[in-house]
Amino acid sequence: KLYQETYRPQYHFTTPQNWINDPNGLVYANGVYHLFYQSNPFGNVWGHMTWGHATSKDLLHWQHLPIAITEENGIMAFSGSAVLDVKNTSGFSVNGAQPLVAIYTGHTDTLQTQNLAFSNDKGLTWTKFKGNPVLNYHKKDFRDPNVFWNQHKQQWIMALSFPNEHQVGFFASKNLQQWQQISRFGPLGDTSGVWECPDLMQVPIQGQSGKYKWVLFTSQNATMQYFVGEFDGTHFTNENPATTIFKQDYGTEYYAAVAYHNTPSKQPVAIGWVNNWYYANDIPTTPWKGAMALPRKLSVKKVNNQWQLIQQPIDNIKTLRSALSSFANIMVSNSYELPVKSQVFEMDCIMQPTSGEAGVKIAVGNGHYFTIGYDAATQTLFTDRTNVGTTSFNKNFDSLAICRAKVPLVNGKLQLHIFYDKSIVEIYANDGSVVFTVQLFPDETNNGIELYSNGGTTIFQSEHLWKMNSVWQ
Ligand code: FRU
């Protein structure tokens, strides 16, 4: 049955069938969140890139809608963004409607250009602009336009990737049709892979109401990075140390994330694709392939003189909670099996690591398990999927089995906020200052949950565990 297949996430976004990758065109309009995404309408591997479409009022329960932007004349519709053109600057409005305008990359093997499509019926049907392309540099790699309205300069700004140059180009326009380059940013930080899917947005500073910093996202091949600084309407200036790479996510599967800039709270909410190009086509899920990570609300805070991105799942994820089990002050010297079994849960856990290695094992059963561990000596949080079971579908998946990140304890404590959903686990450590997103493919019967401690006793101070309701019923 649909949405009950092996490995099928229950509270993460997936499509009934076929391949999906990047989220596209994230826009909030008239009380509705639109999620477009790279999709292949004809199969369960990458190809025939088209914009699929879904809408939601709460970013959790989604309605699947017809394809928005099609592949046409051999030109695929690659990633991009969408805006609500409130003032009809584009002139695309019909009968006084506020048009939704999508800005996407037209792709062929030899050329990438930027193009427009618009909708005057709240995103249900789309028309490609007759004057496409609106931006053509005669380049093979030149993609992923992300557009927002700059209040200050009263014009549209586009962040656009020059992938091989490891640069983001900024362009300006009054009408979405004519664009002028105003600056470039980069290369900087992680230049190990092509730069894709830039997104520039204003993000609130934690604890300073009404104050914002500008954050720039880029994706490079299999990981993401962010820069924090200022944007004066023309140039983006990074204020973090140029020699350090700042990562959104330390897991192996979080890519091409972009954000809703214009949420009612003015706090951007990011959505990323849960997969990795090194083996994306081979993951063993059918009839669908690809999922979106939980929507994450973004803020920044200054830690040791550096701007750090803080990511937390949106608040109303709480509405999915069902049965609660709570535990307090469990002393674990080896392993302790919780009296709850589930592959679809949320867990908030506070532990006091003192020596050796301690943490939580999920998907436990038949000798298999997935480890979320903390190494006290090096203050390192890690995940390890070596012992999960199914891994032989692609050797790159096997070789990327362990992920690590430094997570300093706060008053001797580590907080792990774990969202496990069949084949996806997201871990938000210490209030979202470090995040991991990882895929795993365990047998359905491996649904145990265990606390463990190797090399000393660890106090697990408090554990709250909620079974989660499916968003697809
Ligand atoms: C990122 C990406 C984009 C491109 C799209 C194609 O994952 O490579 O740069 O527009 O996927 O599907």
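Quick caveat, the model's predicted, so the values are computed rather than measured.

Points about the UniProt feature "domain: Glycosyl hydrolase family 32 C-terminal" (unreviewed entry) in the protein chain
No. 1: In this numbering, the UniProt entry assigns the feature "domain: Glycosyl hydrolase family 32 C-terminal" (unreviewed entry) to residues 336–466.
No. 2: Secondary structure over residues 336–466 splits into 4% helix and 56% strand, and the C-alpha atoms at its two ends are 18 Å apart.

Description of the sheet that holds strand β31 (residues 424–429)
No. 1: The antiparallel open sheet is built from six strands, whose spatial order is β23-β34-β25-β30-β31-β32. The two strands at the open ends of the sheet, each matched to only one other strand, are β23 (321–332) and β32 (434–439). Neighbour-to-neighbour, the strand axes of the sheet open up by a mean angle of 15 degrees, direction not taken into account.
No. 2: As judged from the nine bridges shared by β23 and strand β34 (residues 458–468), these two strands associate in the antiparallel manner. Residue pairing across strands places F327 opposite E463, the latter belonging to β34.

A word on the pairing of strand β11 (residues 155–162)
No. 1: When you tally the buried positions in β11, you get seven out of eight residues, the bulk of the element.
No. 2: Sheet topology places strand β10 (residues 143–150) next to β11; six bridges connect them, and they run antiparallel. Looking at the pairing, N150 lines up with Q155 of β11.
No. 3: If you look at the hairpin formed by β10 and β11, you'll find four residues sitting between the two strands, and Q154 has a positive phi there, around 50 degrees.
No. 4: Strand direction decides the pairing type here: β11 and strand β12 (residues 167–173), joined by seven bridges, are antiparallel.

Digging into the environment of P23
No. 1: Inspection of the secondary structure puts P23 in strand β1 (residues 18–29).
No. 2: You can call P23 buried: it has 27 C-beta atoms within 10 Å.
No. 3: A C-alpha to C-alpha distance of 8.6 Å links P23 and G80, two positions 57 residues apart in sequence.
No. 4: In contact with P23, not counting residues within four places along its chain, are L35, Y37, A256, V258, I271, W273 and M292.

Considerations on the site of the ligand
No. 1: What surrounds the ligand is a group of 13 residues, the closest being Q38, F78, S79, E196 and A256.
No. 2: Broken down by secondary-structure element, the contributors of at least two residues to the shell around the ligand are β1, β5 (76–84), β10, β14 (195–204) and β18 (255–260).
No. 3: Taken together, the residues of the shell around the ligand sort by class into five nonpolar, four polar and four charged.

Observations concerning the domain arrangement of the protein chain
No. 1: Domain boundaries in the protein chain define domain 1 (18–315) and domain 2 (321–468).
No. 2: Relative placement of domain 1 and domain 2: their C-alpha centres are 31 Å apart.
No. 3: Each side of the interface is counted separately: domain 1 has 22 residues, and domain 2 has 25 residues.
No. 4: Partitioning the side of domain 1 that touches domain 2 into residue classes produces 12 nonpolar, seven polar and three charged.

Some words on the UniProt feature "domain: Glycosyl hydrolase family 32 N-terminal" (unreviewed entry) in the protein chain
No. 1: UniProt annotation of "domain: Glycosyl hydrolase family 32 N-terminal" (unreviewed entry) refers to residues 12–313 when read in the numbering used here.
No. 2: In this annotation, residues 12–313 is assigned 0% helix and 52% strand; the end-to-end C-alpha distance for the span is 12 Å.

Some details on the nonpolar core
No. 1: Counting 120 residues, the largest nonpolar core has V101, A102, M158, I418 and V425 as its most contacted members.
No. 2: Element by element, the count of residues in this core is highest for β18, at six residues.
No. 3: When we break this core down by domain, the ones giving at least three residues each are domain 1 (18–315) and domain 2 (321–468).
No. 4: Once residues within four sequence positions are removed from consideration, I418 is found in contact with M347, C349, V360, I372, V425 and I427.

Definitions and cut-offs
Residues numbered from 1 in each chain as written. Predicted model: local features only at pLDDT ≥ 70, side-chain atom pairs only at ≥ 80, totals over all residues. UniProt positions renumbered as here; feature names shortened; annotations may be inferred. Helix = DSSP H or I, 4+ residues; strand = E, 2+ residues; numbered from the N terminus. Pairing = 2+ DSSP bridges. Axes fitted to C-alpha atoms, helices over the stretch in contact; angles between N-to-C directions. Buried ≥ 20, exposed ≤ 12 C-beta atoms within 10 Å, placed from the backbone. Contact = placed C-beta atoms within 7 Å. Near = placed C-beta within 6 Å. Nonpolar A, V, L, I, M, F, W, Y, C, P; charged D, E, K, R; others polar. Domains from an automatic or database assignment. Core = buried A, V, L, I, M, F, W, Y, C linked by C-beta atoms within 7 Å.

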